[in-house]
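Tertiary structure, described
These are the residues of each chain, in order.
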Amino acid sequence: MPLPDVPQPGAVRIRERTPDDLPALARVLAAQQPHTGYPQRWPLPWPVESFLRRQGELGAWVATLADADAPVGHVSVTEVMGDGPEVDGWVAGTGRPVEDLAAVSVLFVDHEVSGLGVGRALLEASVAFIRGSGRVPVLDVVQETERAVRLYQRSGWQVVGEARPSWLPDTHRPVLLMALPEA
């Protein structure tokens, strides 16, 4: 028998991002950056809100804990557009045309709630959205962020290539291009 839908203290809840969430998310992103190195370029050369809201965004969600309403994590899904090393790698690695792909993007979690399943819940929400749209989930991840790489691999993501995007520091290994095959 399924458990009733009663949030437990500390339980992760996922909801759509609203414009009112952006200032709190900017603070969470800034606070977690020294612990995770994400984003690689910090401080950003543009407003953080522009980093959070991406061109081609199809959806965006925040995580909260049941005992609080403040966002403790974020993820978005974007169209895969244009060309470049990431797009070329995903297309080659999945064998699917670009219009069949959607990218998990801007996934981060408040470092103070790390280990509570927030990142996994956000990832699952974004994958469900992508699958619901009939597309294949893809993402890129900086190899040096080993915790993120492990999360994706434990969730069934497979490396389909590597790329060196223009934003990647020269001191870093190429990013891993990943796709989530059908279950």
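Residues numbered from 1 in each chain as written. Predicted model: local features only at pLDDT ≥ 70, side-chain atom pairs only at ≥ 80, totals over all residues. Heavy atoms only, no water.

**Focus on the environment of Val-106**
Worth spelling out the cut-off: Note on conventions: DSSP H or I runs of at least 4 residues are helices, E runs of at least 2 residues are strands, and numbering of each starts at the N terminus. Here a residue-residue contact requires only that any non-hydrogen atoms of the pair lie within 4.5 Å.
Within the secondary structure, Val-106 is located in strand S4 (residues 101-109). For the pair Val-106 and Val-75, spaced 31 residues apart in sequence, the C-alpha to C-alpha distance is 5.2 Å. Excluding its chain neighbours within four sequence positions, the residues that come into contact with Val-106 are Tyr-38, Phe-51, Leu-52, Arg-54, His-74, Val-75 and Ser-76.

**Comments concerning helix H4 (residues 118-132)**
Basically, it comes down to this: Here the expected span of a helix is defined as 1.5 Å times the quantity of residues minus one. Burial classes: relative accessible area under 20% of the type maximum marks a residue as buried, over 50% as exposed, and values in between as partly exposed (1.4 Å probe, protein chains only).
If you check H4, its first and last C-alpha atoms are 21 Å apart, about what 15 residues at 1.5 Å a residue would give, namely 21 Å. Among all positions in H4, only Val-118, Gly-119, Ala-121, Leu-122, Leu-123, Ser-126, Val-127 and Ile-130 are buried. Structurally, H4 contributes buried residues whose contacts are with strand S1 (12-16), strand S2 (57-65), strand S3 (73-79), S4, strand S5 (136-141) and helix H5 (146-154). Phi turns positive one or two residues past the end of H4, at Gly-134, with a value near 80 degrees.

**Regarding a positive patch on the surface**
This is how it is decided: Patch definition: residues with relative accessible area over 30% and no salt bridge; like charges joined within 9 Å; nonpolar side chains (Val, Leu, Ile, Met, Phe, Trp, Tyr) joined within 5 Å. Using the Shrake-Rupley algorithm and a 1.4 Å probe, accessible areas are obtained, with residue cover drawn only from the displayed protein chains. Salt bridges, as used here, are contacts in which a Lys or Arg side-chain nitrogen is within 4 Å of a carboxyl oxygen on Asp or Glu. Charged residues are defined narrowly, with Lys and Arg counted positive, Asp and Glu counted negative, and His plus the chain ends left uncounted. Charge positions are represented by NZ for Lys, CZ for Arg, CG for Asp and CD for Glu.
Together, Arg-120, Arg-147, Arg-150 and Arg-154 line one region of the surface with positive charge. No other element matches H5, which puts three residues into the positive patch. Owing to a relative accessible area of 57%, Arg-154 belongs among the exposed residues under this scheme.

**Quick look at the pairing of strand S7 (residues 175-179)**
Selection rule: At least two bridges found by DSSP between two strands is the condition for calling them paired.
Counting buried residues in S7 gives five out of five residues, a clear majority hidden from the surface. Burial along S7 is two-sided: the face carrying Val-175, Leu-177 and Ala-179 and the face carrying Leu-176 and Met-178 are both buried. In this structure, S5 lies alongside S7, joined through four bridges in antiparallel fashion. By the bridge assignment for S7, Asp-140 is matched with Leu-177.

**Points about the confidence of the model for the protein**
Here is the rule we go by: The predictor rates its confidence in each residue with pLDDT, a number between 0 and 100.
Chain-level statistics for the protein give a pLDDT mean of 92 and a share of 94% at 70 or above. Low pLDDT, under 50, characterises residues 1-7; the predicted model gives this stretch two contacts beyond four residues in sequence or across chains.

**A look at the packing of aromatic side chains**
The description of an aromatic ring pair rests on the distance of the ring centres and on the angle between the ring planes. Threshold: Stacked, tilted and edge-to-face are the three classes applied to pairs of Phe, Tyr and Trp rings, where Trp contributes its six-membered ring and a pair requires centres within 6.5 Å; stacked means planes under 30 degrees apart, edge-to-face means over 60, and tilted covers the rest. Ring-over charges, as used throughout, are those where CZ of Arg or NZ of Lys falls within 6 Å of the ring centre and within 35 degrees of the ring normal.
With the rule as written, the count across this model stands at three aromatic pairs. The ring of Phe-51 is capped by Arg-54, whose NZ or CZ atom sits 4.4 Å from the centre of that ring.

**Description of the nonpolar core**
For clarity, the cut-off: Residues belong to one nonpolar core when they are buried, are Ala, Val, Leu, Ile, Met, Phe, Trp, Tyr or Cys, and are joined through side-chain atoms within 4.5 Å.
Within the largest apolar cluster, 25 residues are counted, with the highest numbers of intra-cluster contacts made by Val-118, Leu-123, Tyr-152 and Trp-157. Of all elements in the fold, only S2, S3, S4, H4, S5, H5 and S7 reach the threshold of two or more residues within this core. Among the elements that take part in this core, H4 stands out by supplying five residues, more than any other. What Val-118 contacts, discounting residues up to four positions off in sequence, is Val-12, Ala-63, Leu-65, Val-72, Gly-73, Val-109 and Val-113. Ranked by size, the runner-up nonpolar core spans 13 residues in total, among them Leu-101, Ala-103, Val-142 and Val-175.

**Digging into the packing of H4 against H5**
Going by this rule: Every axis in this analysis is a line fitted to C-alpha atoms, fitted for helices over the stretch in contact. Angles between the N-to-C directions lie between 0 and 180 degrees. In what follows, roughly perpendicular refers to angles from 65 to 115 degrees, roughly parallel to angles under 35, roughly antiparallel to angles over 145, and oblique to any angle outside these ranges. Here a crossing is called left-handed whenever its near helix is offset anticlockwise from the far helix by less than a right angle, and right-handed whenever the offset is clockwise. Each residue receives one of three labels: charged for Asp, Glu, Lys and Arg, nonpolar for Ala, Val, Leu, Ile, Met, Phe, Trp, Tyr, Cys and Pro, and polar for the others, Gly being one of them.
Orientation of H4 relative to H5, taken along the N-to-C sense of each, is 55 degrees, at an axis distance of 11 Å. One element, H4, and the other, H5, form an angle in the oblique class. Regarding H4 and H5, the two cross each other, and that crossing is right-handed. Residues Gly-119, Arg-120 and Leu-123 of H4 lie in contact with H5, whose contacting residues are Leu-151, Tyr-152 and Arg-154. Its residues placed into classes, the contact of H4 with H5 shows three nonpolar, one polar and two charged.

**A closer look at the side chain of Asp-110**
Note on placement: Asp-110 falls in the loop between S4 and H4. No salt bridge forms around the buried Asp-110; measuring N to O, its nearest opposite-charge neighbour Arg-27 is 9.4 Å away.

**Focus: H5**
Heads up, the rule is: Regarding the arc, it is the one traced by the directions from the helix axis to the C-beta atoms.
The complete set of buried residues in H5 reads Val-149, Leu-151 and Tyr-152. Looking straight down H5, one finds its buried side chains confined to an arc of 160 degrees; they lie on one side. In H5, the exposed residues that point more than 90 degrees away from the buried face are Arg-147 and Arg-154. On its buried face, H5 sits against S4, H4, S5 and S7. Immediately beyond the C-terminal end of H5, within one or two residues, lies Gly-156, with a positive phi of roughly 95 degrees.

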